[in-house]
Amino acid sequence: MARKPLFAGNWKMNLNHLEAINLVQKLAFTLTDRDYDKADVAVMPPFTDLRSVQTLVDADKLRITYGAQDLSAQDSGAYTGEICGSMLSKLGCTYVLVGHSERREYHGEAEMLCNAKVKAAYRHSLTPILCVGEGLPVRQEGRHVEHTLAQLDGALEGVTAEQVKSIVIAYEPVWAIGTGEVATPKDAQEVCGAIRTRLAELYGDDVASVVRILYGGSVKSGNVAGIMAEADIDGALVGGASLDAGEFAKICRLGETAG
Ligand SMILES: O=C[C@H](O)COP(=O)(O)O
């Protein structure tokens with residue numbers, strides 16, 4: 001079964017709500033129905049931008065989807081500063097990132113918490129984009145596949161096959177994030193292929209064959225086509241380059257300027 005590519009722009013802690021409107025408007029101007037027929041396009045703005053993005057998407061009936069960069073594992077209560085899944089689904093979010101390497105590094109998020117967040121996303125009809133990937137020392141030791149699969153196993157503990165069918169996995173080697181150091185297509189395929197094989201072991205081929213696996217790490221319009229040519233890569237999680245509407249649109253078109 002063919003998997004529709006997904007290009008998700010993770011804005012990280014950039015762009016206020018006015019800048020968000022500006023960027024989404026520019027994207028909407030640039031992308032055509034033909035682009036959306038070929039690939040799903042999503043933006044992942046900071047929490048404070050989501051209401052503005054929702055208003056714009058609803059008012060102009062845009063085909064751009066959006067999501068949040070994180071969610072709480074809890075559903076409500078005394079958790080100062082946290083945002084729960086029901087708040088995000090109420091804002092029309094389709095996706096939510098779980099376990100981005102910056103959450104893992106700066107907020108100590110590990111497998112148990114990622115697992116709880118994946119389950120929280122499903123409780124509120126959000127599609128988790130589960131991020132996995134190794135840092136440089138692990139890659140240098142040659143343990144990148146083992147390390148990434150351990151993150152995957154931990155985050156999927158107790159998650160059902162029916163749920164996993166809709167999950168998105170993003171393989172992001174930490175050494176390639178924001179560094180300009182993109183993994184070669186073969187490097188990316190090695191791990192993305194191993195992720196699909198593990199999904200098949202855990203849930204069967206029927207499930208593994210429909211799960212979208214993205215690559216993330218210094219993706220640009222100039223390198224996206226080579227990455228997308230690999231068998232187990234179904235799109236990209238784009239950081240820095242997604243802050244430029246023209247460049248992100250070009251990525252969604254695999255480097256082509258016209259849709
Ligand atoms: O979530 C996106 C990734 O961290 C990749 O970021 P980057 O494209 O700036 O390297």
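These remarks concern the structure in this document. All of these numbers come straight from a predicted model, not from anything done at the bench. (Residues numbered from 1 in each chain as written. Predicted model: local features only at pLDDT ≥ 70, side-chain atom pairs only at ≥ 80, totals over all residues.)

**A look at the packing of helix α1 (residues 17–30) against helix α3 (residues 50–59)**
Here's step 1: Contact geometry of α1 with α3 gives a least axis separation of 9 Å together with a crossing angle of 30°. For the crossing formed where α1 meets α3, the hand is right-handed. Within the contact between the two elements, α1 uses His17, Ala20, Ile21, Val24 and Gln25 and α3 uses Ser52, Val53 and Leu56.
Here's step 2: In the contact of α1 with α3, the residues fall into five nonpolar, three polar and no charged. (Axes fitted to C-alpha atoms, helices over the stretch in contact; angles between N-to-C directions. Helix = DSSP H or I, 4+ residues; strand = E, 2+ residues; numbered from the N terminus. Left-handed = near helix turned anticlockwise from the far one by under 90°. Contact = placed C-beta atoms within 7 Å. Nonpolar A, V, L, I, M, F, W, Y, C, P; charged D, E, K, R; others polar.)

**Quick word on the sheet that holds strand β8 (residues 235–238)**
Here's step 1: Taking strand neighbours around the barrel as the criterion, the eight strands line up as β1-β2-β3-β4-β5-β6-β7-β8 in a closed arrangement whose pairing is parallel. Strand-to-strand twist of the sheet, defined as the mean angle between neighbouring strand axes without regard to direction, takes the value 25°.
Here's step 2: One ladder, built from five bridges, connects strand β1 (residues 6–10) with strand β2 (residues 40–44); its direction is parallel. Within the sheet, the bridge partner assigned to Ala8 lies in β2 and is Ala42.
Here's step 3: Relative to strand β5 (residues 127–132), helix α8 (residues 144–156) is tilted by about 150°, and along the sheet it contacts β5 and β6 (168–171). (Pairing = 2+ DSSP bridges.)

**With respect to α8**
Here's step 1: Given a rise of 1.5 Å per residue, 13 residues ought to cover 18 Å, and the 18 Å separating the end C-alpha atoms of α8 matches this to within 8%.
Here's step 2: Listed as buried for α8 are His144, Thr148, Gln151, Leu152, Ala155 and Leu156. Along the axis of α8, the buried residues cluster in a sector spanning 120°; they form a single face.
Here's step 3: In this fold, the buried residues of α8 make contact with α6 (111–123), β5, α7 (136–140), α9 (161–164), β6 and α10 (185–203).
Here's step 4: Immediately downstream of α8, the backbone of Gly158 shows phi near 75°, a positive value. (Expected span 1.5 Å × (residues − 1). Buried ≥ 20, exposed ≤ 12 C-beta atoms within 10 Å, placed from the backbone. Arc of directions from axis to C-beta.)

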